[in-house]
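Residue-level structural notes
One-letter residues, chain by chain:
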4 protein chains.
Amino acid sequence: MSPQPGVDTHEVKVFRVVMRGPADVAGLVRLLEDGQLDARHIIAILGKTEGNGGVNDFTREYANSVFAHTLASYLHLPPSEIEARVALVMSGGTEGVLSPHATIFARVPAKAAASGAKRLAVGVASTRDFLPEELGRGEQIEETAHMVRVAMKNAGIRHAEDVHFVQIKCPLLTAERIEAAKARGRKTVTEDAYGSMAYSRGASALGVAIALDEIAKPVPVEAVLDDWSLYSSVASTSAGIELARNVIIVMGNAPGLAGEYVIGHSVMCDAIDLDGVLRAFSSVGLGTAGDLGALRSKRIVNVFAKAEPSPDGLVRGFRHTMLDDTDISPTRHARAAVGGLIAGLSGCGAVYVSGGAEHQGPSGGGPVAVIARVN
Amino acid sequence: MSPQPGVDTHEVKVFRVVMRGPADVAGLVRLLEDGQLDARHIIAILGKTEGNGGVNDFTREYANSVFAHTLASYLHLPPSEIEARVALVMSGGTEGVLSPHATIFARVPAKAAASGAKRLAVGVASTRDFLPEELGRGEQIEETAHMVRVAMKNAGIRHAEDVHFVQIKCPLLTAERIEAAKARGRKTVTEDAYGSMAYSRGASALGVAIALDEIAKPVPVEAVLDDWSLYSSVASTSAGIELARNVIIVMGNAPGLAGEYVIGHSVMCDAIDLDGVLRAFSSVGLGTAGDLGALRSKRIVNVFAKAEPSPDGLVRGFRHTMLDDTDISPTRHARAAVGGLIAGLSGCGAVYVSGGAEHQGPSGGGPVAVIARVN
Amino acid sequence: MSPQPGVDTHEVKVFRVVMRGPADVAGLVRLLEDGQLDARHIIAILGKTEGNGGVNDFTREYANSVFAHTLASYLHLPPSEIEARVALVMSGGTEGVLSPHATIFARVPAKAAASGAKRLAVGVASTRDFLPEELGRGEQIEETAHMVRVAMKNAGIRHAEDVHFVQIKCPLLTAERIEAAKARGRKTVTEDAYGSMAYSRGASALGVAIALDEIAKPVPVEAVLDDWSLYSSVASTSAGIELARNVIIVMGNAPGLAGEYVIGHSVMCDAIDLDGVLRAFSSVGLGTAGDLGALRSKRIVNVFAKAEPSPDGLVRGFRHTMLDDTDISPTRHARAAVGGLIAGLSGCGAVYVSGGAEHQGPSGGGPVAVIARVN
Amino acid sequence: MSPQPGVDTHEVKVFRVVMRGPADVAGLVRLLEDGQLDARHIIAILGKTEGNGGVNDFTREYANSVFAHTLASYLHLPPSEIEARVALVMSGGTEGVLSPHATIFARVPAKAAASGAKRLAVGVASTRDFLPEELGRGEQIEETAHMVRVAMKNAGIRHAEDVHFVQIKCPLLTAERIEAAKARGRKTVTEDAYGSMAYSRGASALGVAIALDEIAKPVPVEAVLDDWSLYSSVASTSAGIELARNVIIVMGNAPGLAGEYVIGHSVMCDAIDLDGVLRAFSSVGLGTAGDLGALRSKRIVNVFAKAEPSPDGLVRGFRHTMLDDTDISPTRHARAAVGGLIAGLSGCGAVYVSGGAEHQGPSGGGPVAVIARVN
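Residues numbered from 1 in each chain as written. Chains lettered and ligands numbered in written order. Predicted model: local features only at pLDDT ≥ 70, side-chain atom pairs only at ≥ 80, totals over all residues. Heavy atoms only, no water.

Section: the packing of aromatic side chains
The way to describe two aromatic rings as a pair is by their centre distance and the angle between their planes. In this structure the tally under the stated criterion is 10 aromatic pairs over all chains. Ring geometry for Tyr 62 of chain A and Tyr 62 of chain C: centres 4.6 Å apart, planes at 25°, overall stacked. Of the two residues, Tyr 62 of chain A sits in helix 2 (residues 59-75) while Tyr 62 of chain C sits in helix 2 (residues 59-75), which places them in two different chains. The exposure class assigned to Tyr 62 of chain C is buried, which follows from its relative accessible area of 5%. Relative to Tyr 352 of chain B, the ring of Phe 304 of chain B lies with its centre 5.8 Å away and its plane at 45°, an arrangement referred to as tilted. With Phe 304 of chain B in strand 10 (residues 300-307) and Tyr 352 of chain B in strand 13 (residues 352-355), this residue pair connects regions lying 48 residues apart in the sequence. Note on Phe 304 of chain B: relative accessible area 0%, which makes it buried. (Phe/Tyr/Trp six-rings, centres within 6.5 Å; stacked < 30°, edge-to-face > 60°. Helix = DSSP H or I, 4+ residues; strand = E, 2+ residues; numbered from the N terminus. Buried < 20%, exposed > 50% of the residue type's maximum accessible area, 1.4 Å probe, protein only.)

Below, the structure is given as structure tokens:
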């Protein structure tokens, strides 16, 4: 993605639209047809689709393709150019009460002068395509770190502490890609397709942590999926079969920006960290006085969270069975549980909860962010 | 189960023990060996085991068998007599953050005089064995209603409004049982094994509703799994391959009883009904002043809830995908989500959340009860 | 689909192309670019995609969409017109050794005079869209029977005994469609989405049986999924979320047709009916003298079979567990097993094995057909 | 297991009994009550149970426990002594047409003088308990090799070429065991529970290969799950949560032994290797002249085979999807497919097909053995 124009005379708009299937773009079309949104202003679409969220989840790729074709027809461009221009990030898995939906980010000309207060700023970027053997290793970490900084700059966010959520879509290994590397005499970090998703998510998250000075570089390659003390508090990474590079969306607040949205975040220390979720709401001024009803405020645009089964097999001392279940993948378990908590608090299942939080928040926990209207 | 002795000089004790696998009875053994519990006093064990909670979940039967053998050796009785004497009810499925555990109920000689306030009372009973063709139909409803009243009486609970949770374990149909009925020229209510679990749960719940005058009898047989306006607010029914009859545990509060436990309940209107869960906590005096920290009180012994995907495919207007997922059964989805919410609120995954809430609470919701120490 | 032109001066060509994912149409594109195939001649594409084959298998719809877009670009037509012109039928589920692929049928101008012997003939047709409440009932049966006869006529097949395989893609019910019927005061045949697939497949197969005089009409509606003595020996029906009507492909042999392909079929009496599969090969002249090596002949284009778990829970007296497994759907089990047998015999996993054989062949078994080059 | 008495005056008997559930020992009890079998003579029971065959498959442990308790009551010994005396090996997973059953091996006093021809001989042994960090590494390989030789000697088999099947049950890692190792400062070979099954199976198979001089020792530890050129043609290893040591059953033919059974084997080169299966039947004199009907001979006692998805993602050049499926584990896929082929050939689903053939036969294939009566 090429650098976006200067942000000073712009503002960011965010829309949440429901999806009745992976190919349902009616919500987007309605915004475009109603004149609420101009296709040229869209910079990112972040969706939750209803596949298994694993290796063979084609709902991500399918949704990506339909969104790209739709924007292509509005912009009179080939679909391939849309993918270069708009960060299309689909995360699979709407277990339990989670509801398929997409969050659409647009950068539009400012309608009013900036208020002086910080407002939501969003920047996108993407890395080059990775070779199979680069996933989960230094190349993926470094390249990601570099492009996170580019996306920050695109967003007009100057300080790391103003970054509240960094969404990354990253590749995974399939049997086919593993064999391709082997044929070239290269060894991939793992030969297990599902396992490769964790490596790719983990390395990408470490890239964010470096970019935002959350950890010192260089990260030794053995630390990936091993040293859980290294993590980013704002990274949210999601692996998919549908791409070969990392696509990055940086969300934060920037001064001197117009607009009516803000973002805040906190960290869930484990998968049942009610207080962590409440802190995220508080960070945008909601529910601060113990008023749980406020968590269902119309001001909320969306909640974004990462979930994972604690690697030590325990949640607050009680054994969970997510890692030993051969029938349901651990990420599906985790999304369902954390989705149940966040949907319960916010009164809505159309929240973004993504599974696999390696190096994203502390071990067993994950970042949680809220985008809300200022009033 | 034979009627229990008069309750006036007794009190009910409750223990929650974790399980490291379906055959782990170490928690029970420790209580028996430590002298905290006398095997002769145990009247019911209500467990969550880590199988799929579906037709082929043998962890329930396995745990049942090991609990029965363990008590048999302490009581010098054959295991089959234990099953006639103690209500052994295992519910499968510990998706997400749920943690395998058992709740042990004992009726012990009162240590002190009754306080005057109502205290936890528990009664058990069981129906005769059902024929495959009786499941999901009038016979199961009526027989259940009758035995719920017997169990109430056993517990010493006089009024329906003092009943706060009625746990029932009921049979299901397997391909083999369906064929057996056919061989006798009888037709079962369904030929789908997984589907039969819903019929058996639904009919059992309607039996509870009749026993407690929550609905008028007779219930037309077509109402089962069809007329969702008919339900019990305290029934929790769970189907399993391991039995042919309904085993019933009635929990409530009774006057004139000693003891240090109380039970209260509320109803979740849907799978994300935070307020419903909070009301259940309030009913035993916890978290009433908006103090969420109190939900993690050491006074709590356990939380009991039923979960189900809303049959209309929506949770508060947002589409869920639980009913259309061919990979994960709807009950697994629902347990994971509601388990995430309740574990988040109570700070502990070892809570009893069971899937399939047909005629148990309003459509898409379910009963939720809390047992707590009085101080 | 509109009636095809007279077949006298035409022949049918068949190509099997592998697919590296649901959106991989490279095999088709190669045929078109190489000049082996003219897009205008394609009348049907019958694919096996790698989803779960259940309700939420979006790989079928995705593949359909990509095939339609591809042909649209070659034919300079909108994709929607392609779906009206070409029978696009995707069957989900490539469990075990099964390999995703598509079989492309084309009707091309005859290169030589007809040989006099019967040759492969293929006709397509489709019904009107069905309402949710019509699925699994008389309307679906009758309408299907009618359009099977139309497709036969299109193919130029005069006698029912010359029909060897009738592939139908039919709709299913989702939670959403069930609710839509309810809102109109109508009741669907079932409220279980996965279960509706069986009803739709069964009714469609009974339609084929009527069209080919395999059973007497009218079929009482209670017979659907109940009277297993009623079946078609050549019907293969597959349900999918991606359509609302039945799409029909009739395959048989017709006299006076040029071409180098023939089709034959037999019936598997159960899921391990080796002899049934061998008879299908024999019907096209392969492996007749006990020469199993001939089953791997290059003459073979593809094998088409239906598979299902026997409803009585037994295969030749031995219990199977396919119907009692809450983790894997019965159709996935059945495809994997029958796919293992047929792939073992034919030496290739890219065979068409589809699950759910209600009223398609005898109970527990299913039709099996082979298309081969004449030499 | 202690060394068995001299075999010269003994013979081996084999019985296949069906199981109606993991706890069904009625088949065994009938043999004991009918006087066909004396409980004191039983040396091994090799079962297929109906769990998922993965980490959380408790049907293995449950069946083990019930078999041990049953034999304990007949032998008036504590169950723990049964497990030390009889090799109880349960393999989970009866996907597709596979049917739960057990094969019971007994060493009984010879009824007649040895015929002079070689006859079935069976020996059992077991290793010490392994530490979690020893699994998949040199300790497991070496210790297994040593005890395979002990079991051979117990069986009276003198030459490696007379060994036709070596069944091993080996441990796996759970989240809990991995943490236990960590707490002692040790690192396990993997932190993925399902993945640990492959390591344990692979190392055990390499132990067999060393014991039988199929490969040269020492095996570098990096070769485990990496160098697929190293394998045993007769090893069949199966991992389970229910034990901490390797239990070994060596089956072969020995001279000077009475009895009416023989065993032979071959190797499947891939999961669809029809010829490999036919060679195994031929090795015991069945179906040699192309007479497929003979494969369903009453002489057959059981067929034993290992199955796995080819690691390169291809079966004879066609892509399979077993390794990229996040919904169904690869071993379940493979058992279903190979089970379909072998059940089709032998006309019976109660065959022993076990998943995960790492270093057991060539990559993507596996050993296949047949036990048959001599007439």
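Here's the deal with the interface of chain A and chain B
Listed by partner, the interface residues are 41 residues for chain A and 41 residues for chain B. Across the chain A to chain B interface the summed buried area is about 3300 Å²; carbon plus sulfur atoms make up 60%. Here chain A and chain B share six salt bridges between them. Taken together, chain A and chain B are joined by 16 residue pairs in polar contact (both at pLDDT 80 or more). Ranked by residues supplied to the side of chain A that touches chain B, first place goes to helix 8 (residues 330-346) of chain A with nine residues. Among the residues forming the side of chain A that touches chain B, the class breakdown is 21 nonpolar, 10 polar and 10 charged. (Contact = heavy atoms within 4.5 Å. Buried area = accessible area lost by both parts, 1.4 Å probe. Salt bridge = Lys/Arg side-chain N within 4 Å of Asp/Glu carboxyl O. Polar contact = N/O pair within 3.5 Å; in protein donor to acceptor, adjacent residues only side chain to side chain. Nonpolar A, V, L, I, M, F, W, Y, C, P; charged D, E, K, R; others polar.)

Describing the nonpolar core
Membership of the largest hydrophobic core comes to 139 residues, with the highest contact counts inside it found for Ile 45, Phe 67 and Val 166 of chain A together with Ile 45, Phe 67 and Val 166 of chain C. Contact partners of Ile 45 of chain A, with chain neighbours within four places excluded, come to Leu 28, Phe 67, Leu 71, Val 86, Ala 87, Leu 88, Val 89, Met 90, Ala 102, Thr 103 and Ile 104 of chain A. Membership of the second largest hydrophobic core comes to 138 residues, among which are Met 197 of chain B together with Tyr 62, Leu 71 and Ala 121 of chain D. (Core = buried A, V, L, I, M, F, W, Y, C linked by side-chain atoms within 4.5 Å.)

Comments concerning the interface of chain A and chain D
Of the residues lining the interface, 21 residues belong to chain A; the matching set on chain D comes to 21 residues. Interface area lost by chain A to chain D is led by Asp 324, Thr 326 and Asp 327 of chain A, which between them contribute 32%. Our count for the contact surface shared by chain A and chain D stands at four salt bridges. Linking chain A with chain D are 14 residue pairs in polar contact (both at pLDDT 80 or more), by the criterion used here.

Here we look at the confidence of the model for chain A
The predicted coordinates should not be examined in detail at positions where pLDDT is low. Residue and element names in this part refer to chain A. Residues of chain A with pLDDT of at least 70 account for 98%, and the chain-wide mean is 95. Predicted confidence for residues 1-7 stays below pLDDT 50, and this span has 20 contacts to residues more than four positions away or in other chains. Two summary scores accompany this predicted model of the complex, namely pTM at 0.95 and ipTM at 0.95. (pLDDT = per-residue confidence, 0-100.)

Concerning the environment of Val 208 of chain B
Residue and element names in this part refer to chain B. Tracing the backbone through its elements, the reader meets Val 208 in helix 6 (residues 193-211). Its relative accessible area of 0% is what places Val 208 among the buried residues. Once the C-alpha coordinates of Val 208 and Ala 145 are considered, the two residues, 63 residues apart in sequence, prove to be 5.4 Å apart. If sequence neighbours within four positions are ignored, Val 208 has contacts with Thr 144, Val 148, Val 166, Ile 168, Glu 214, Ser 232, Val 234 and Ala 235.

Quick look at the pairing of strand 7 (residues 235-240) of chain B
All names here are of chain B. For strand 7, the buried fraction is high: six of the six residues fall into the buried class. Of the two faces of strand 7, the one holding Ala 235, Thr 237 and Ala 239 and the one holding Ser 236, Ser 238 and Gly 240 are both buried throughout. Across six bridges, the pairing between strand 6 (residues 163-171) and strand 7 is parallel. Bridge pairing in strand 7 links Pro 171 to Gly 240. (Pairing = 2+ DSSP bridges.)

With respect to the relation of the copies chain A and chain D
Once chain A has been moved 0.0 Å along the axis and rotated by 180°, it coincides with chain D to within an RMSD of 0.0 Å. Here the two chains are linked by the operation of a two-fold rotation axis. If distances are taken from each C-alpha of chain A to the rotation axis, the shortest is found for Asp 327 of chain A, at 3.4 Å. Of all interface residues in chain A, 100% are interface residues in chain D too; the two copies therefore contact each other through one and the same surface. (Least-squares fit on C-alpha atoms with pLDDT ≥ 70 in both.)

A short note on the pattern of salt bridges
As enumerated under the stated definition, the model contains 78 salt bridges over all chains in all. With a closest N to O distance of 3.0 Å, Lys 187 of chain D and Asp 226 of chain A form a salt bridge. Of this pair, Lys 187 of chain D sits in the loop between helix 5 (175-183) and helix 6 (193-211) while Asp 226 of chain A sits in the loop between helix 6 (193-211) and strand 7 (235-240), each in a different chain. Judged by its relative accessible area of 36%, Asp 226 of chain A is partly exposed. Members of the salt-bridge network, linked through shared partners, are Glu 95, Arg 332 and Arg 335 of chain A, Asp 325 of chain B together with Asp 327 of chain D.

Regarding the pairing of strand 1 (residues 10-18) of chain D
All names here are of chain D. Summarising burial for strand 1: seven of the nine residues are buried, a large majority. Pairing of strand 1 with strand 4 (residues 101-109) involves nine bridges; the strand directions are antiparallel. Bridging across to strand 4, Val 12 finds its partner in Arg 107.

Points about the relation of the copies chain A and chain B
Each copy of the sequence occupies a distinct position, and chain A is placed on chain B by a rotation of 180° and an axial shift of 0.0 Å, giving an RMSD of 0.0 Å. Here 100% of the interface residues in chain A have copies in chain B that are interface residues too; the copies meet face to matching face.

What about the environment of Phe 15 of chain C?
All names here are of chain C. Within the fold, Phe 15 resides in strand 1 (residues 10-18). Residue classification places Phe 15 among the buried residues on the basis of a relative accessible area of 12%. As for Phe 15 and Met 268, which are separated by 253 residues in sequence, their C-alpha atoms are 25 Å apart. Excluding residues within four positions of it along the chain, Phe 15 makes contact with Leu 31, Gln 36, Leu 37, Ala 102, Thr 103 and Ile 104.

Notes on the packing of helix 4 (residues 138-155) of chain B against helix 6 of chain B
Residue and element names in this part refer to chain B. The contact between helix 4 and helix 6 brings their axes to 7 Å, and the two run at 45°. With respect to each other, helix 4 and helix 6 are oriented oblique. Here the hand of the crossing between helix 4 and helix 6 comes out right-handed. Along the contact surface, helix 4 presents Gln 140, Ile 141, Glu 142, Thr 144, Ala 145, Val 148 and Arg 149, while helix 6 presents Tyr 199, Ser 200, Ala 203, Ser 204, Leu 206, Gly 207, Val 208, Ile 210 and Ala 211. Of the residues assigned to the contact of helix 4 with helix 6, the class counts are nine nonpolar, five polar and two charged. (Axes fitted to C-alpha atoms, helices over the stretch in contact; angles between N-to-C directions. Parallel < 35°, antiparallel > 145°, perpendicular 65-115°, else oblique. Left-handed = near helix turned anticlockwise from the far one by under 90°.)

Some details on unusual backbone geometry
The bulk of non-glycine residues show a negative phi, and the bulk of peptide bonds are trans. Each neighbour pair has its own omega, and for Lys 217 of chain A with Pro 218 of chain A the value is -5°, a cis peptide bond. As for its position among the elements, Pro 218 of chain A is in the loop between helix 6 and strand 7. A positive phi angle, near 60°, is found at His 359 of chain B, a position not held by glycine. Summarising the element assignment, His 359 of chain B is placed in the loop between strand 13 and strand 14 (366-373). Take His 359 of chain B: its relative accessible area is 2%, and that puts it in the buried class.

What to know about the sheet that holds strand 1 of chain D
Residue and element names in this part refer to chain D. If you walk across this open sheet you meet the four strands as 1-4-2-3, and the pairing is mixed. Both edges of this open sheet fall to strand 1 and strand 3 (87-92), since each of them pairs with a single strand only. Between one strand axis and the next, the sheet turns through 15° on average, direction left out of account. One ladder, built from six bridges, connects strand 2 (residues 42-49) with strand 4; its direction is antiparallel. By the bridge assignment, Ala 44 is partnered in strand 4 with Phe 105. Packing of helix 1 (residues 26-34) onto the sheet brings it into contact with strand 1, strand 2 and strand 4, and relative to strand 1 it is tilted by some 135°.

Considerations on helix 8 (residues 330-346) of chain C
Residue and element names in this part refer to chain C. When the terminal C-alpha atoms of helix 8 are compared, their 24 Å separation across 17 residues agrees well with the 24 Å that a helix rising 1.5 Å per residue should span. Burial analysis of helix 8 places 17 of its 17 residues in the buried class, the great majority of the element. Backbone geometry just downstream of helix 8 places Gly 347 in the positive-phi region, at approximately 70°. (Expected span 1.5 Å × (residues − 1).)

Overview of empty space enclosed by the protein
Taken as a whole and assessed by the stated rule, the structure comprises 16 cavities of 30 Å³ or more. Of the voids in this model, the largest cavity is the one considered here, and its volume is about 180 Å³. In this structure, the largest cavity is lined by 18 residues; those nearest its centre are Gly 51, Asn 52 and Asn 56 of chain A together with Asn 52 and Asn 56 of chain C. Each residue belonging to the lining of the largest cavity can be placed in one class, and the counts come to two nonpolar, eight polar and eight charged. Of the volumes computed, that of the second largest cavity is approximately 160 Å³. The residue inventory of the lining of the second largest cavity, partitioned by class, reads two nonpolar, eight polar and seven charged. (1 Å grid on protein atoms, 1.4 Å probe; cavity = no way out; pocket = protein on both sides within 12 Å on 5 of 7 lines; lining within 4 Å. Points joined across faces, edges and corners; volume = space filled by probe spheres on them.)

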